[in-house]
Amino acid sequence: MKKSNPSFFAQIFFSIMGLILVLGVLFSLNSIIHLRRMYFASVRRELVSTSEAFSRIYKESEISLFSMDSLLKKQYHDGGIRYTLIQPDGQVIADSHNDIDAMDNHKTRPEVRHAFASGWGYEVRFSATEGVHHKYVARRNNDGSITRTSRPLDQLLDSLWSYTASLILLFLFLGGVGLSLSFFLSRWISRPIEILKNRAEKLGEGDVFTPLADRRVSREIMDLSRILDRASQTLKKRFTSVRTHKDRLRTILSEMIEGVVAVNAERELFLINSRARQMLDISSDTSQGREYYKIIRHIEIQQIIDTLLAGDSVQTMIHEEVTLGRGENERIYRINGKALLDPGDVFLVIHDITALKRLENMRRDFAGNVSHELRTPLTSIKGFVETLKDGAITDPVQSVRFLTIIDEEVRRLNTLIEDILTLSRVEQQEEALSDNSADTERVNLCDFLNELYGLYTDRAKKYSVDLRKDIHLAPDPLVDIRPGLFSLAVKNLLDNAVKYSGENAVVTLRARERQDEYIVSVQDTGPGIDPVHHDRLFERFYRVDKSRSRHMGGTGLGLSIVKHIVSLHGGKIILESEPGQGSIFTITIHKPL
Ligand SMILES: Nc1ncnc2c1ncn2[C@@H]1O[C@H](COP(=O)(O)OP(=O)(O)O)[C@@H](O)[C@H]1O
Ligand SMILES: [Mg+2]
């Protein structure tokens, strides 16, 4: 386990306490040594003067050397100082405290040796006889003998002990004072740092730093506080700019029409925009940061991500078309995937190309249909021309019949080509709707429909159809339309109604208005159309009864043209029909604002 660093408080506190301790010990040692030295000096002074006095007594007294011993024992035995007289040969001849016969030769005692050599000798030594340290002072007399005085140093120990005891007491007191002093000192120093630390901690969460305002705080701490303050301002600016950047990116991503998906090397989905969720059927509450295969359930997409994640440097880009869903819900996506080798992230950009694909298919179908529709009359023309060439031309009756058919087929071809051109013109205008409203005119709908009706009465008569009108509009029913195209649409409806309803049917051109729209409809009493055809009826070349349509000279493009014209006008077309009930085709178109 890692040992944690000591706190600032503890560092200061223990440093001060340590300092007090060291100083205290040094002080005590010093005073004890000093005391000892002073004591020794005083003992030595005392012994020197006693030694001198002893020498004087020895020199001046008339008594014999032998009675000296008993004199010393009598007079000085009980005093603290011991007197010893030693002959130049080292033999002790008098001693105030001990029996001289039991004493050995003192010549080798260090203080005695020194005194013999230089006149004085000093020594501190442990005396085995008395069990304490002694201080010895020896002096050489004129006759070569040595007078030695000594005293035990037990007093020294006593006074050192009592001194130490008082030192300990002093220390306890000083320690107590030092403890509280260093406690408050450490707190005083470490408190602002603690506060700074707490405030700085919040910086990480994006808070702004509040600088210290306390005047008692030291200058360095104030500087530190100011530096942190400045750093926090810079940080905040960075935070804001990063956040703005992120928001912008998020907005761009969410507004994109392409889906964007990103997966990291740990297979976690770390980015998915709302378009991608919608494309891949992911409910928006599934959180990001989970494994992608738990969220994206489509095996085709998973495989693409897997391939990219496998990350061999060859396959860093994938462009693939993927079809998801079936039938009505079928969607076709083009997926551009890229692996970034360094962090190992994988990005997918998903384009919805369903509409594009459908359009492509429709164009292809249309091209096929057109060539087919063109080939039928052409084959027929070619056939009759060949028959004529092969000799039929000589037969006047046959040739007139064949030429009439050829003429009809040519007319049919012409209509077909005209219809195709109309359709492509309307489609072009639809695509360029916004910038091509120049052809629009404001016309009176009532006059417009009456004129159309007038044009159709003859044709209706030809098919023995009763054409009626039922136009009920408020005065001046103005409408913005492209007159040529809009009349083409209504004409196509009237044409169908007249052509397919059979003899004696009634066809009615009707007009009404609602709040903001006009309703123009063509109703017939014809055979009606089975609802199974309703959806496809407006597709190109779709006919209910192909041979009947051909016989009537139809191309199968009429209703498709109507649908596109109506949508170009921003309107709607609705069909209501049942077999045997007749049909109603209804166009609704907005009134001008
Ligand atoms: N009023 C109608 N009554 C019955 N059938 C109709 C009517 N209008 C259209 N149809 C059917 O819809 C088909 C498509 O019409 P349309 O697109 O105008 O092509 P065309 O008239 O050239 O055949 C026609 O072939 C016909 O079968
Ligand atoms: Mg038609």
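These numbers were taken from a predicted model, which means no experiment stands behind them.

What counts as what
- Residue positions are given per chain, counted from 1 along the sequence in the order it is written.
- To label them, take the chains in the order written and letter them from A, then take the ligands in the order written and number them from 1.
- Where local features are concerned, this predicted model is filtered to residues with pLDDT of at least 70; where side-chain atom pairs are given and counted, the filter is 80 or more; whole-chain, interface and lining totals use all residues.
- Each side-chain value is worked out from all heavy atoms of the structure, with water and hydrogens disregarded.
- Note that domain bounds follow an automatic or database assignment of domains.
- Note on terminology: near, applied to a residue and a molecule or strand, indicates that one of the residue's heavy atoms is within 4 Å of it.
- Contacts described as polar in this section are N or O atom pairs within 3.5 Å, which, within protein, must combine one atom able to donate a hydrogen with one able to accept it, while residues neighboring in sequence count only if both atoms come from side chains.
- Areas reported here follow the Shrake-Rupley algorithm with a probe of radius 1.4 Å; residue values treat only the protein chains shown as occluding.
- For this classification, the nonpolar set comprises Ala, Val, Leu, Ile, Met, Phe, Trp, Tyr, Cys and Pro, the charged set comprises Asp, Glu, Lys and Arg, and every other residue, Gly included, is treated as polar.
- Under this scheme, a helix contributes an axis fitted over its contacting stretch, all axes are lines through C-alpha atoms, and angles between N-to-C directions fall in the 0 to 180 degree range.
- Each helix corresponds to a stretch of at least 4 residues labelled H or I by DSSP, and each strand to a stretch of at least 2 residues labelled E; elements are numbered beginning at the N terminus.
- Small angles under 35 degrees read as roughly parallel and large ones over 145 as roughly antiparallel, with 65 to 115 read as roughly perpendicular and the rest as oblique.
- Rotating anticlockwise by less than a right angle from the far helix to the near helix defines a left-handed crossing, while the corresponding clockwise rotation defines a right-handed one.
- Nonpolar cores were defined as sets of buried Ala, Val, Leu, Ile, Met, Phe, Trp, Tyr and Cys residues, with membership established by side-chain atoms within 4.5 Å.
- For every residue, the accessible area obtained with a 1.4 Å probe (protein chains only) is divided by the maximum for its type, and the residue is called buried under 20%, exposed over 50%, and partly exposed between those limits.
- The criterion used for residue contact is that any of the two residues' heavy atoms lie within 4.5 Å.
- For two strands to be treated as a pair, DSSP must find no fewer than two bridges joining them.

Caption draft 1: Looking closely at the domain arrangement of the protein. Taken as a whole, the protein is organised into domain 1 (8–160), domain 2 (256–352), domain 3 (357–429) and domain 4 (439–590). The C-alpha centroid of domain 3 is placed 50 Å from the C-alpha centroid of domain 2.

Caption draft 2: Quick look at the site of ligand 1. Neighbouring ligand 1 are 19 residues, the closest being Tyr-500, Ser-549, Thr-555, Gly-556 and Leu-559. One of the side-chain nitrogen or oxygen atoms of Ser-549 is found 2.6 Å away from an oxygen atom of ligand 1. Between ligand 1 and Leu-559, the relevant distance is 2.8 Å, taken from an oxygen atom to a main-chain nitrogen or oxygen of the residue. Compared with its free state, where it exposes 520 Å², ligand 1 has 95% of that area covered by protein. In terms of residue class, the shell around ligand 1 is made up of eight nonpolar, seven polar and four charged.

Caption draft 3: The arrangement of the packing of helix H1 (residues 8–60) against helix H4 (residues 154–203) in detail. Look at H1 against H4: their axes get within 8 Å of each other, and the N-to-C directions meet at 160°. Here H1 is positioned roughly antiparallel relative to H4, judged by the angle of their axes. Taken as a pair, H1 and H4 cross one another with a handedness that is right-handed. Taken together, the residues of the contact of H1 with H4 sort by class into 23 nonpolar, 10 polar and two charged.

Caption draft 4: Seen up close, the nonpolar core. If you look at the biggest cluster of nonpolar residues, it comprises 50 residues, and the most contacted ones within it are Leu-445, Leu-449, Leu-493, Leu-494, Leu-509, Leu-557 and Phe-585. Mapped onto the domain boundaries, this core takes at least three residues apiece from domain 3 (357–429) and domain 4 (439–590). Contacts of Leu-557, omitting those with residues within four sequence positions, involve Phe-366, Leu-416, Asp-419, Ile-420, Leu-423, Arg-540 and Phe-541. With 25 residues, the next largest nonpolar core counts Ala-276, Ile-301, Tyr-333 and Ile-335 among its residues.

Caption draft 5: Highlighting the sheet that holds strand E6 (residues 259–263). Taken together, the five strands give an open sheet; going across it, the order is E7-E6-E10-E9-E8, and neighbouring strands pair in antiparallel fashion. The open sheet has two free edges, formed respectively by strand E7 (269–272) and strand E8 (317–324), since each of these has just one partner strand. With strand direction ignored, the average angle separating the axes of adjacent strands in the sheet is 20°. As paired elements, E6 and strand E10 (residues 346–352) share five bridges and run antiparallel to each other. Note that in E10 the partner of Val-261 across the bridge is Leu-348.

Caption draft 6: Up close: the sheet that holds strand E2 (residues 92–95). Read from one edge to the other, the open sheet built from five strands follows the order E2-E1-E5-E4-E3, with strand pairing classed as antiparallel. Only two strands of the sheet have a single neighbouring strand rather than two, namely E2 and strand E3 (120–127). The sheet shows a mean angle of 20° between the axes of neighbouring strands, taken without regard to direction. Pairing of strand E1 (residues 82–86) with E2 involves three bridges; the strand directions are antiparallel. Within E2, the position partnered with Thr-84 by the bridge is Asp-95. This element, helix H3 (residues 110–118), spans E1, E3, strand E4 (132–140) and strand E5 (146–152) of the sheet and lies at about 175° to E3.

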